[in-house]
Amino acid sequence: MEAAALVLPIFLVIGLGFIAARFTLVSDEGINGIDKFAFTFALPALLFRALANTELPTALPWGLWFSYYGSVLIVWLIGGLLSLYVLRRSAGDSVIVGFGGGFSNTVMLGIPIILTAYGAESEVPLFFILAFHGLTIFTIATFLLESTRPREGVRLGVPAIIRQSLMGMVKNPVIVALGCGIGFGQTGLSIPVPLDTTLEMLGRSGIPCALFALGATLTRYELKKSIGTASMIAVLKLVVHPLIVFGLATYVFALPPLWIKVTTTMAAMPTGVFAYVLANRYGAAPGAASSAVVLVTALSMITVTIVLNIFL
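Below, the structure is looked at part by part. Residue positions within a chain follow its written sequence, with the count starting from 1. Restriction of local features to residues with pLDDT of at least 70 applies here, the model being predicted, together with a cutoff of 80 or more for giving and counting side-chain atom pairs; totals for whole chains, interfaces and linings are based on all residues. To obtain the side-chain values, all non-hydrogen atoms of the structure were included, while hydrogens and water were left out.

So, the overall build of the protein chain
Along its length, the protein chain carries 14 helices and zero strands. Working definition: helices are DSSP H or I runs of at least four residues, strands are E runs of at least two. Numbering for both runs from the N terminus. Ordered by position from the N terminus, the helices and strands of the protein chain form the series α-α-α-α-α-α-α-α-α-α-α-α-α-α. In terms of overall dimensions, the protein chain is globule-like: its C-alpha atoms have a radius of gyration of 19 Å, near the 20 Å expected for 312 residues. Taking the principal axes of its C-alpha atoms as reference, the protein chain extends roughly 60 × 50 × 45 Å. Each residue is assigned to one of three classes by its accessible area relative to the maximum for its type, calculated with a 1.4 Å probe on protein chains only: buried under 20%, partly exposed between the two thresholds, exposed over 50%. Here the protein chain, with 312 residues, has 51% of them falling under the buried criterion. Contact criterion: two residues are considered in contact whenever any of their non-hydrogen atoms come within 4.5 Å of each other. For the protein chain, restricting intrachain contacts to residue pairs at least 6 apart in sequence, the fraction spanning at least 24 positions comes to 85%. All accessibility values rest on the Shrake-Rupley procedure with a 1.4 Å probe; residue burial counts only the protein chains present in the view. As displayed, the protein chain has an accessible area near 14,100 Å², and 70% of this comes from carbon and sulfur atoms. All radius of gyration figures rest on C-alpha atoms, and the globule criterion is 2.2 Å times the number of residues raised to 0.38.

A few points about the side chain of Ser-290
Topologically, Ser-290 is positioned in helix α14 (residues 286-311). A relative accessible area of 4% means that Ser-290 is categorised as buried. Ser-290 has contacts with Tyr-221, Glu-222 and Tyr-276, leaving out every residue within four places of it along the chain.

Some words on helix α13 (residues 274-282)
Among the residues of α13, Ala-275, Leu-278, Ala-279 and Tyr-282 are the ones counted as buried. Viewed along the axis of α13, the buried residues span an arc of 100 degrees, placing them on a single side of the element. Looking at the residues trailing α13, positive phi occurs at Gly-283, about 65 degrees. The arc in question is formed by the directions pointing from the helix axis toward the C-beta atoms.

So, the packing of aromatic side chains
In this description, an aromatic ring pair is defined by two values, namely the gap between the centres and the angle between the planes. Two aromatic rings, drawn from Phe, Tyr or Trp (for Trp, its six-membered ring), form a pair once their centres lie within 6.5 Å of each other, and the interplanar angle then sorts them: stacked below 30 degrees, edge-to-face above 60, tilted otherwise. Enumeration according to the criterion identifies 15 aromatic pairs in this entry. With a centroid separation of 6.4 Å and 35 degrees between ring planes, the pair formed by Trp-62 and Phe-66 is classed as tilted. Here Phe-66 and Trp-62 lie together in helix α3 (residues 62-85), a separation of four residues that amounts to about one turn. The exposure class assigned to Phe-66 is partly exposed, which follows from its relative accessible area of 47%. Among the aromatic residues, those joined into a ring-pair cluster are Trp-62, Trp-65, Phe-66, Phe-127, Phe-128, Phe-253 and Trp-259.

Points about unusual backbone geometry
Despite not being glycine, Arg-88 has its phi angle at roughly 60 degrees, a positive value. If you trace the backbone, Arg-88 turns up in the loop between α3 and α4 (91-102). Although it is not a glycine, Ala-285 sits at a positive phi angle of roughly 50 degrees. Within the secondary structure, Ala-285 sits in the loop between α13 and α14.

So, the pattern of salt bridges
Salt bridges are counted wherever a side-chain nitrogen of Lys or Arg sits within 4 Å of a carboxyl oxygen of Asp or Glu. Throughout the structure, instances matching the rule amount to three salt bridges. The partner of Asp-196 in a salt bridge is Arg-49, with the nearest N and O atoms 2.8 Å apart. Pair noted here: Asp-196 is in helix α10 (residues 193-217) and Arg-49 is in helix α2 (residues 28-52), with a separation of 147 residues, a long-range link. Residue Asp-196 is classed as buried on the basis of its relative accessible area, which comes to 18%. Accessibility expressed as a relative area gives 26% for Arg-49, which makes it partly exposed.

Some remarks on the packing of α2 against α10
Close contact between α2 and α10 brings their axes to 6 Å; oriented N to C, the two are set at 140 degrees. Classed by the angle they form, the pair α2 and α10 counts as oblique. Read as a crossing pair, α2 and α10 show a hand that is left-handed. Ten residues, namely Ala, Val, Leu, Ile, Met, Phe, Trp, Tyr, Cys and Pro, are considered nonpolar, four, namely Asp, Glu, Lys and Arg, are considered charged, and the remaining ones, Gly among them, are considered polar. By residue class, the composition of the contact of α2 with α10 is 18 nonpolar, four polar and four charged. Comment: axis = line fitted to C-alpha atoms, over the contacting stretch for helices; angle = value between 0 and 180 degrees taken between N-to-C directions. For classification purposes, an angle smaller than 35 degrees is called roughly parallel, one larger than 145 roughly antiparallel, one from 65 to 115 roughly perpendicular, and anything else oblique. For any helix crossing, the convention is left-handed if the near helix is rotated counterclockwise from the far helix by under a right angle, and right-handed if that rotation is clockwise.

Dropping the structure here:
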């Protein structure tokens, strides 16, 4: 009951955003504005303030990184091979199918749910997951898609791919806020009261704005295309991925209980919308990616509730 009471308001806000966009109660420009406010100002303020007052562990969390990113690569490989040899899809399509099975909606849904469920203590493992998320996963995805795309046209080399990924990370307000919060926290200084109050006010609006924007943007994707492939992605993302993370975090690396909860819950998040962005850009299974974003997000209301019910 506790998990359901926590998850239901979150998905109601998502549903409200979906309804507002579907019936044009909010224009596309308005939705884009809410989205930009949430990820440029509100969520960065929330994360900066939290991490500026958080003490980090002295040792690097290799077990956390191997548990989370190792599971992403395992699921990615499983999904890609199933797509290639069972569904008989192209190499490029298979990259996207595997990517959809291992790529979580970390910012729009992961941050709000994890902070709401586990409180301020979850910020440290959450930071360590998010700090390298874009750089590692986007770099691998871009490299694989560039390697499998048709020969005609301009192909990016490995240095260019890494350079693009680094630039994307540097320009990401959430990543910048995480890094600045950590840096400020190491100085031992306190945030001045007026600035702290401003950050608190902005931070309080971050989670509801992000959830509302997520619901609204779901109207931009279609469910009816490649529903079979999307269903396979849903199983990989909502069942296989969290199970592998839990197994690695618990039985291989013996992480602290809270860190196990955070990594497993993050793995249980639905497929992120960037899967469709990449698929559309490279013309690799865009129908399956758009269907997966909608289907997996809808099903995650059930699976996330189950995961939180176990941990809470």
